[in-house]
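Each chain, written out:
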Amino acid sequence: TPFSEDQVRAATYIIDSVANPVKTKLLSLAERAGKITMSGFDITIIQSVEQFTRYTGVRPDNDSLQAAIAHVQSFESA
């Protein structure tokens with residue numbers, strides 16, 4: 001991880017841009033330190049929703065979004 005434990009402890013939020021793996025060493029360290037985190041996978045989801053909405057004019061409903069996330073995550077365990 002590019003940050004020391006002291007740097008992580010000093011932070012309020014930890015955002016990692018790595019989408020895969022979802023749980024990086026940095027995020028694991030941050031969670032152990034009780035920090036608010038956002039993974040690269042979370043960022044990818046947000047960007048995907050905004051891009052889909054921009055290109056289609058349709059904002060995906062939560063059920064469709066959750067189904068798409070589950071589909072993508074199923075490849076990790078395969």
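For clarity, every value in this text was computed on a predicted model and none was experimentally measured.

About the cut-offs
- Residues numbered from 1 in each chain as written.
- Predicted model: local features only at pLDDT ≥ 70, side-chain atom pairs only at ≥ 80, totals over all residues.
- Heavy atoms only, no water.
- Helix = DSSP H or I, 4+ residues; strand = E, 2+ residues; numbered from the N terminus.
- pLDDT = per-residue confidence, 0-100.
- Core = buried A, V, L, I, M, F, W, Y, C linked by side-chain atoms within 4.5 Å.
- Buried < 20%, exposed > 50% of the residue type's maximum accessible area, 1.4 Å probe, protein only.
- Contact = heavy atoms within 4.5 Å.

## Focus on unusual backbone geometry
Step number 1: Each neighbour pair has its own omega, and for N20 with P21 the value is 10 degrees, a cis peptide bond.
Step number 2: As for its position among the elements, P21 is in the loop between β1 (13–15) and α2 (25–32).

## A short note on the confidence of the model for the protein chain
Step number 1: Mean pLDDT over the protein chain stands at 93; residues scoring 70 or higher make up 97%.
Step number 2: Considering each helix and strand of the protein chain separately, the mean pLDDT is smallest for helix α4 (residues 62–76), with a value of 90, and largest for strand β2 (residues 36–38), with 97.

## Details of the nonpolar core
Step number 1: Among the nonpolar cores identified, the biggest contains seven residues, and these are V8, A11, I14, L26, L27, L29 and A30.
Step number 2: Counting residues per element, this core draws most heavily on α2, at four residues.
Step number 3: Apart from residues lying up to four places away in sequence, L29 is in contact with F3, E5 and V8.

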